[in-house]
Amino acid sequence: MNKKILYVYGGPEFHPTQKGGELLSQWLTQHGGYELVATNDLDMLTRLNSGTFSAVVLYATGFHDDLTPARAQGLLDFVRKGGGFVGIHAAADSFRGNRAFIEMLGCEFETHPEQHEFTVTIADKGHYLTTRVPDFSVYDEMYHLKSVDPNIHVLAHTHWQGKQMPMVYAKMFGTGRVTYLANGHTAQSWAHPEFRKLLVRAVKWSSGENLSDKVIRCAALGYGGAFNMGKGHLEWINATPGLQAVAMCDADPKRAEAARQDLPNLRSYFTSLDDLLAMPDLDLVVDILPHNLHAPTAIQCLQAGKHVVTEKPFCISVAEANAMIEAARSNSRMLSTFHNRRWDGDYLIIQDVLQRGMIGDIFRIECGTAAYNHPGFWWRADKTISGGVMHDWGAHFIDWILGLVPSKIAQVTGDFQKRVWNAVTNEDHGQAWIRFENGVTVDLLVSSISALPRTKWRIFGTKGAIETDWKEEVRVVSYASGIRHDGTIKVTLPGYGSTQYYRNIADHLLLSEPLEVRPEQARRVIAIIEAAMQSATLGHSVPVAAGCE
């Protein structure tokens with residue numbers, strides 16, 4: 001049975017209190033196990049002790065004298081006897097005529113400067129709310145507080161003129177858990193992934209959730225020398241609280257010895273997958289083998305009861321993807337793929353520009369990578385092993401594209417050419433044209449025989465365009481304000497999302513938070529590549545495989 005959460009909102013519209021409830025309801029639904037009941041009827045507070053609700057979330061403004069004795073008694077008794085309470089932003093500016101409420105909340109609003117961007121620093125990285133949450137910047141209204149309870153447990157703070165300002169804290173009131181989040185005034189703050197995470201965790205913690213002391217023990221399958229990916233994955237795992245690298249496996253004894261030299265603190269070094277899977281306390285396997293081995297080895301790991309992360313691409317074909325997903329479902333194991341570049345700095349800026357409406361609605365995307373050079377004599381240039389020219393960088397671009405265009409796929413047209421580098425079997429040139437049901441069209445190019453380069457991104461919208469070309473800046477041309485603005489945004493955000501990816505894996509397995517890179521998403525990437533290759537053979541456009549639209 002879901003835990004019910006009462007969400008109380010109201011007051012002036014400059015705070016998005018009703019919209020906030022709609023968002024929180026969606027987020028809790030995605031997490032599972034919770035149901036939000038939103039109301040602006042303050043008399044609901046008198047009925048809290050019926051046992052219906054696990055916690056109360058307050059995001060309201062004012063109502064200074066509206067906490068009648070009956071309402072106050074209902075709320076305070078509920079929390080004192082073990083109910084949870086979460087205050088958001090203007091909750092500190094509500095019910096201020098009732099000092100008992102201020103005592104329970106732990107603070108009250110004093111003032112705020114003009115809205116601006118500021119850094120929220122995590123003060124305690126070991127609490128349920130803040131485990132694996134990094135410091136972050138947010139554009140918001142910085143609340144300055146007074147009447148602050150000296151016994152609050154500050155989890156995050158910011159700085160103002162030499163003083164620390166609490167931004168997130170937890171406290172007890174009787175046997176009830178209380179949390180307060182000072183952020184939440186602006187739409188930008190509600191859209192911020194860290195604010196979203198902190199708010200959902202505040203609800204869950206106030207309702208009784210606790211941190212688990214479980215550690216997810218991980219191993220790398222494959223330790224090839226190319227890009228040092230085996231070493232990289234195991235180091236990213238060890239850098240993530242809650243995850244621990246304990247073993248590796250490579251059929252080549254020399255690579256196992258290399259791992260022993262690189263990572264001497266691993267518990268075991270295997271040359272047999274069967275031996276690795278017999279390890280009794282192993283929880284997760286990261287599959288870094290060549291592309292054509294992902295499906296059979298991932299399925300073997302899943303059937304052995306292990307969670308699996310595959311390197312990108314997920315696999316080679318939709319049939320393989322379907323078999324992998326079924327193995328994960330039938331064995332109740334997590335399956336994901338390492339689409340870490342969702343957190344690339346330029347891509348995050350592109351998403352932010354789009355969310356702000358600076359170029360309007362997307363209608364066309366041109367993107368890809370193109371050069372004139374030999375692809376090299378290695379397995380990534382062997383079509384039987386790699387899948388083809390589109391399975392490497394093409395998989396990254398398609399995952400990016402699907403994150404920018406929230407629509408089903410209508411049809412795909414492909415063009416694959418083999419003309420120059422005949423000593424290897426990958427195609428020299430691959431191109432996919434994707435048409436989405438919402439009318440957006442995409443032209444994706446991956447070529448090793450293009451004597452003229454292609455700009456990494458050209459994104460066209462109804463009010464402007466975005467262009468970026470593998471440099472540390474994103475060009476934006478915008479007519480959103482009514483006049484033409486042409487400028488660049490410097491890429492200052494973190495550039496490689498490996499740590500962010502594994503942070504989500506830990507949050508999913510240890511806190512039951514939503515998985516960011518789901519196997520069904522990875523299957524859509526493969527479906528587009530497969531459809532493009534089919535189209536090139538047939539000479540006409542084709543739909544993607546059923547279920548992958």
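Further up the page is the structure itself.
Keep in mind that what you see is a predicted model, and the values were worked out from it rather than measured.

This part takes up the sheet that holds strand β17 (residues 335-337). Across the sheet, which stays open at both edges, the six strands sit in the order β14-β13-β12-β15-β16-β17 with parallel pairing between neighbours. The open sheet is flanked by β14 (268-270) and β17, the only strands paired with a single partner. Across the sheet, the mean angle from the axis of one strand to that of its neighbour is 25 degrees, orientation sign disregarded. Contacts from helix α14 (residues 498-511) reach β12 (216-221), β13 (243-249), β15 (284-287), β16 (307-310) and β17, with the element oriented near 165 degrees to β16.

Right, let's talk about the packing of helix α13 (residues 393-404) against helix α15 (residues 519-538) for a bit. Running from amino to carboxyl end, α13 crosses α15 at an angle of 115 degrees, the nearest separation of the two axes being 9 Å. Where α13 crosses over α15, the handedness of that crossing is right-handed. From α13, A395, I398, D399 and L402 reach across to α15, where they touch R524, V525, I528 and I529. Its residues assigned to classes, the contact of α13 with α15 comprises six nonpolar, no polar and two charged.

As enumerated under the stated definition, the model contains 37 salt bridges in all. Residues joined in a network through salt bridges with shared partners are R364, E366, D443, R454, R458, E467, R475, R484 and D486.

Note that strand β6 (residues 116-122) and strand β7 (residues 136-140) share five bridges and pair antiparallel. The residue bridging E117 from the neighbouring strand is Y139, located in β7. Strand direction decides the pairing type here: β6 and strand β9 (residues 153-160), joined by two bridges, are antiparallel. Considered in β9, the bridge of I122 is made with A156.

Pairs of aromatic rings are described using the distance from one ring centre to the other and the angle between the two planes. Enumeration over the complete set of coordinates arrives at 26 aromatic pairs. Aromatic side chains F363 and F460 sit 6.4 Å apart centroid to centroid with 35 degrees between the ring planes, which places their arrangement in the tilted category. Of this pair, F363 sits in strand β18 (residues 362-370) while F460 sits in strand β22 (residues 457-461), placing them 97 residues apart in sequence. By relative accessible area, which is 22% here, F460 ends up partly exposed.

What follows concerns the sheet that holds strand β11 (residues 176-181). Reading across from one edge, β2-β1-β3-β4-β11-β10-β9-β6-β7 is the order of the nine strands in this open sheet, with mixed pairing throughout. Unpaired on one side and paired on the other, β2 (34-39) and β7 mark the two borders of the sheet. Between one strand and the next, the sheet's axes are offset by a mean angle of 25 degrees, whatever the strand orientation. Helix-sheet contacts for helix α1 (residues 17-31) involve β1 (3-10), β2 and β3 (53-60), and the interaxial angle to β1 is about 165 degrees. Sheet strands touched by helix α2 (residues 69-80): β3, β4 (84-88), β10 (163-173) and β11. Its angle to β3, the strand with the most contacts, is close to 130 degrees.

What counts, and where the lines are drawn
Residues numbered from 1 in each chain as written. Predicted model: local features only at pLDDT ≥ 70, side-chain atom pairs only at ≥ 80, totals over all residues. Heavy atoms only, no water. Pairing = 2+ DSSP bridges. Helix = DSSP H or I, 4+ residues; strand = E, 2+ residues; numbered from the N terminus. Axes fitted to C-alpha atoms, helices over the stretch in contact; angles between N-to-C directions. Contact = heavy atoms within 4.5 Å. Left-handed = near helix turned anticlockwise from the far one by under 90°. Nonpolar A, V, L, I, M, F, W, Y, C, P; charged D, E, K, R; others polar. Salt bridge = Lys/Arg side-chain N within 4 Å of Asp/Glu carboxyl O. Phe/Tyr/Trp six-rings, centres within 6.5 Å; stacked < 30°, edge-to-face > 60°. Buried < 20%, exposed > 50% of the residue type's maximum accessible area, 1.4 Å probe, protein only.

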